[in-house]
Amino acid sequence: MPRSLKLRQSCISHVKLSLLRNGFPSQRLLADQLEIAQSTVSHFLNGKPVDFVNFVELCQVLGQDWRDLADLETEPQGEQQEANRQDAVTVLISGDASCAELITQLQQAFTQTQHRVTIAPRGEQLRFAPTPLLSVENVQSSDYWLLLLTEQSAVSEATLANIQLAQELQKTQQPTILPILIDLPWMQQLPFDLLGYLQDKQPWQWQTTDAPTRLAAALLEVWDQRRKSLPVNPEFAISWAKITGSSSHVPVPPLPSAAPEIPGGQMDLASRFYIERPPIESLCYEAIAQPGALIRIKAPRQMGKTSLMARILHQAKQQGSRVVPLSFQLANQRSLTNSDTFLQWFCASVSLELGLLDPDQLTKHWQLADLIGSNQCCKAYFEQYLLPSLSAPLTLGLDEVDRVFANLEIADDFFGLLRALHEEAKRREIWKNIRLIVVHSTEVYIPLDVNKSPFNVGLPTELPEFTLPQVEELVQRHGLSCRSKDIQALTEVIGGHPFLVRLALYAIVHQSLSFEQLQDTSTTDRIYADHLHRHLSNLERNPALMQAFREVVLHDRTVRLPSEQAFKLDSMGLVKLTGNDVVVRYQLYRDYFHRCLN
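In this text the structure is predicted, and so the values were computed from the model without any measurement.

Undergrad: Give a detailed account of the overall build of the protein chain, specifying residues and quantitative values.
TA: When helices and strands are tallied, the protein chain shows 28 helices and 15 strands. Residue burial in the protein chain is summarised as follows: out of 598 residues, 54% are buried. A sequence separation of at least 24 residues applies to 76% of the contacts in the protein chain between residues at least 6 apart. Accessible area for the protein chain stands at about 26,700 Å²; split by element, carbon and sulfur atoms hold 49% of it.

Undergrad: Outline the pairing of strand S5 (residues 144–149), listing residues and values.
TA: In terms of residue burial, S5 counts as a mostly covered element, since six of its six residues are buried. Residues Tyr-144, Leu-146 and Leu-148 line one face of S5 and the alternating positions Trp-145, Leu-147 and Leu-149 line the opposite face, and both faces are buried. Note: strand S3 (residues 90–94) against S5, four bridges, orientation parallel. Across the sheet, the residue bridging to Leu-92 is Trp-145, located in S5. As paired elements, S5 and strand S6 (residues 176–182) share six bridges and run parallel to each other. Across the sheet, residue Tyr-144 finds its bridge partner in S6, namely Thr-176.

Undergrad: Hey, could you go over the nonpolar core for me, with residue numbers and the actual values?
TA: Formed by 66 residues in total, the largest nonpolar core has its most connected members in Phe-549, Leu-569 and Phe-593. Membership of the second largest hydrophobic core comes to 47 residues, among which are Leu-336, Phe-342, Cys-347 and Leu-396.

Undergrad: Can you lay out the sheet that holds strand S15 (residues 581–584) for me, pointing to particular residues and giving the numbers?
TA: Taken together, the three strands give an open sheet; going across it, the order is S13-S15-S14, and neighbouring strands pair in antiparallel fashion. On the outer flanks of this sheet lie strand S13 (559–560) and strand S14 (575–578), each paired with one strand and no other. Inspection of the sheet shows S13 paired to S15 by two bridges, in the antiparallel sense. Residue Val-559 lies in a different strand from S15, and its bridge partner there is Val-582. Taken strand by strand, helix H26 (residues 543–553) contacts S13, S14 and S15, and its axis lies near 75° from that of S15. Running over the sheet, helix H27 (residues 563–572) touches S14 and S15 and is turned about 130° from S14.

Undergrad: Explain unusual backbone geometry to me, and be specific about the residues and the numbers.
TA: Pro-278 connects to Pro-279 through a cis peptide bond whose omega is 0°. As for its position among the elements, Pro-279 is in the loop between helix H13 (240–244) and helix H14 (280–288). Phi angles above zero are rare outside glycine, and Asp-183 is one such case at about 60°. Here Asp-183 is to be found in the loop between S6 and helix H11 (192–198).

Undergrad: Explain the pattern of salt bridges to me, and be specific about the residues and the numbers.
TA: For the structure shown, the criterion picks out 18 salt bridges. Its salt-bridge partner being Glu-462, residue Lys-298 comes within 3.9 Å of it at the nearest N-O pair. Here Lys-298, found in strand S8 (residues 294–299), pairs with Glu-462, found in strand S12 (residues 459–462); they are 164 residues apart in sequence, far enough to count as distant. By relative accessible area, Lys-298 is classed as buried at 16%. Look at Glu-462 and you get exposed, because its relative accessible area is 53%. In this structure, Glu-423 and Lys-426 form a salt bridge, with 3.1 Å as the shortest nitrogen-oxygen distance.

Undergrad: A description of the pairing of S15 should follow, citing residues and the corresponding values.
TA: The alternating pattern of S15 places Asp-581 and Val-583 on one face and Val-582 and Val-584 on the opposite face, and all of these are buried. Here four bridges tie S14 to S15, and the two strands are oriented antiparallel to one another. If you follow Leu-577 over to S15, its bridge partner there is Val-582. Between the end of S14 and the start of S15, which pair antiparallel, lie two residues, with Gly-579 showing a positive phi angle near 70°.

Undergrad: Could you give an account of the packing of aromatic side chains, with specific residues and numbers?
TA: The full count for this structure, using the stated rule, is 21 aromatic pairs. Relative to Phe-55, the ring of Phe-44 lies with its centre 5.3 Å away and its plane at 75°, an arrangement referred to as edge-to-face. With Phe-44 in helix H3 (residues 38–45) and Phe-55 in helix H4 (residues 52–61), this pair connects stretches of sequence that are 11 residues apart. Taking the relative accessible area as the measure of exposure, Phe-44 reaches 1% and is therefore buried. Classification of Phe-55 as buried rests on a relative accessible area of 0%. Residues Tyr-589 and Phe-593 carry aromatic rings whose centres are separated by 6.4 Å and whose planes lie at 70° to one another, so their mutual orientation is edge-to-face.

Undergrad: Provide a residue-level description of the sheet that holds S12, including the pertinent values.
TA: With parallel pairing, five strands are arranged side by side in an open sheet as S9-S10-S11-S8-S12. At either margin of the open sheet sits one strand with a lone partner, and together these are strand S9 (322–327) and S12. On average, each strand axis in the sheet is inclined to that of its neighbour by 15°, with strand direction left out of account. In this structure, S8 lies alongside S12, joined through four bridges in parallel fashion. When the sheet's bridge partners are listed, Ile-295 is paired in S12 with Leu-459.

Undergrad: Give a detailed account of the environment of Leu-561, specifying residues and quantitative values.
TA: Its location among the elements puts Leu-561 in the loop between S13 and H27. When the C-alpha positions of Leu-561 and Ala-548 are compared, they lie 7.2 Å apart, and in sequence the two are 13 residues distant.

Cut-offs applied
- Position numbers for residues count from 1 along each chain, tracking the sequence in the order it is written.
- Residues qualify for local features only when their pLDDT is at least 70, as the model is predicted, and side-chain atom pairs are given and counted only at 80 or more; totals for whole chains, interfaces and linings, by contrast, use all residues.
- Side-chain numbers come from the whole structure's heavy atoms, not from hydrogens or water.
- The helix and strand labels rest on DSSP assignments: H or I over at least four residues marks a helix, E over at least two residues marks a strand, and numbering proceeds from the N terminus.
- The cut-offs for exposure are 20% and 50% of the maximum accessible area for each residue type, with area from a 1.4 Å probe on protein chains only; residues under the lower value are buried, those over the upper are exposed, and the others partly exposed.
- The contact criterion used throughout is that any non-hydrogen atoms of two residues lie within 4.5 Å.
- The method behind every accessible area is Shrake-Rupley, applied with a 1.4 Å probe, and residues are considered shielded solely by the protein chains displayed.
- A strand pair is defined by DSSP finding two or more bridges across the two strands.
- In these notes, a set of buried Ala, Val, Leu, Ile, Met, Phe, Trp, Tyr and Cys residues joined through side-chain atoms within 4.5 Å is what counts as a nonpolar core.
- For helices, the axis comes from a line fit to the C-alpha atoms of the stretch in contact; other axes are also lines fit to C-alpha atoms, and the angle between any two N-to-C directions lies between 0 and 180 degrees.
- Between Lys or Arg on one side and Asp or Glu on the other, a salt bridge is scored when a side-chain nitrogen of the former is within 4 Å of a carboxyl oxygen of the latter.
- Here is the rule: rings of Phe, Tyr and Trp (six-membered ring for Trp) pair when centre to centre is within 6.5 Å. Planes less than 30 degrees apart are stacked, more than 60 are edge-to-face, and the remainder are tilted.

The following block contains the structure:
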């Protein structure tokens with residue numbers, strides 16, 4: 001049999017008419033059904049060559065015998081070469097240093113075909129990175145992204161930044177992400193944020209002790225057939241539920257590890273490493289008890305926002321409220337297409353957590369969406385169905401709401417809805433029964449108009465750095481005995497940034513490092529590699545912001561910047577504002593970015 005087939009010209013009209021008869025009013029629905037590219041369906045219906053397997057599957061789903069439709073005449077050599085060029089795809093492969101041999105072997109196998117292969121770059125400035133950062137050009141020019149995940153790269157911030165970049169480019173040209181998990185089982189669970197992005201993408205597993213030829217052959221079939229995901233291949237496929245140990249396909253937030261905890265993610269309510277920052281906690285506990293309360297928590301990444309939200313929710317539960325923590329990382333890309341699908345996801349997710357999900361109710365309240373809009377439908381769903389079904393107030397903890405800013409239409413509608421509901425609580429009794437905690441990173445301001453705040457109602461809560469006494473308290477809780485001048489020297493390098501401080505103390509305990517070693521550039525570059533590279537990635541996507549920060553880094557004194565650039569760099573946590581001027585926030589940032597940006 002030939003590698004590719006095409007419809008006979010005399011059959012094209014007949015096959016196109018069969019789409020509607022078989023329940024496919026559009027080519028996209030047919031492509032989604034078979035999990036193949038829409039372009040493949042288009043080529044098939046217009047008599048152009050498609051992969052043999054795709055041709056047979058398309059005929060079967062349309063109730064046709066492929067032998068009756070296929071043009072089995074030998075194609076001229078030029079036409080076959082043109083078909084090969086149309087079938088060629090561009091594949092991006094990324095992985096950490098431990099995958100180097102596998103990447104080389106896969107590249108050699110793929111370059112023997114018509115497909116084009118790109119290997120993620122590893123520049124000098126990324127020499128300590130567990131995994132390389134991708135550029136916009138890397139992602140935009142690729143049809144497929146072969147994402148090789150190891151135990152180390154899975155927890156890398158660079159990996160998360162790469163995936164977020166791919167998601168941000170979905171409106172232009174987003175590659176199909178194919179996750180390959182290397183050398184399972186791992187000793188620790190996948191990070192919650194990573195699971196949130198990959199939960200709807202079928203993963204494969206692979207052991208480096210096996211020959212890569214079988215993996216390469218299976219992947220070539222995926223590309224030849226233009227699949228939009230990895231198939232459930234019995235040799236390689238694995239479920240996220242099996243990886244995480246969850247009985248559901250929905251990922252659950254990982255519990256903190258045994259003491260001393262690995263820094264990162266939400267801290268357990270009973271963790272002895274949680275340091276309160278008075279009076280923030282007491283003010284939030286008092287506010288959440290008020291009818292119609294709205295608390296918004298904002299800070300740069302890794303400042304403790306989610307851990308604070310968990311404690312406020314616990315306090316609300318102690319006060320008799322029903323609580324629902326909802327991370328927007330759980331929203332898949334289909335849910336973030338537009339306001340209508342997103343708000344239906346939002347209503348369904350809250351209902352599911354409360355045990356009140358009724359698809360008929362959701363359908364009923366969305367019948368008038370075309371007339372009154374999705375915001376009104378969402379409001380009616382809560383007002384007429386959800387809230388009356390509860391015998392206690394409802395407290396929602398909305399985490400990682402940054403994700404909605406990838407689609408400004410959704411952001412405008414959703415935050416407009418929250419503002420309206422907050423105002424409703426001031427005059428209508430039923431809306432006093434809902435309390436909101438909204439959590440987002442201030443890094444969300446980077447692509448936004450500085451004059452357009454994402455949210456400006458309720459109790460604003462900004463998380464500051466630890467003070468020197470709070471750092472000393474954390475040192476004691478790690479069981480370390482050290483001199484005050486050593487702690488002072490450490491804070492001169494990393495300030496009171498909660499995550500950076502905890503990471504330093506964890507390194508001292510587990511890697512037998514001294515406070516003096518943590519002041520050495522080569523040591524800090526290695527320990528804080530992921531954190532630093534994430535900042536670098538954000539700057540690389542914003543050339544004007546990078547140029548402004550370069551000016552700050554290359555001067556030992558304060559520098560005056562345009563107000564918008566100063567505001568955004570401060571929101572990222574890279575600078576401190578001193579009046580109308582700015583200065584680099586930490587010595588760690590000055591040392592690292594002086595080398596990268598000079």
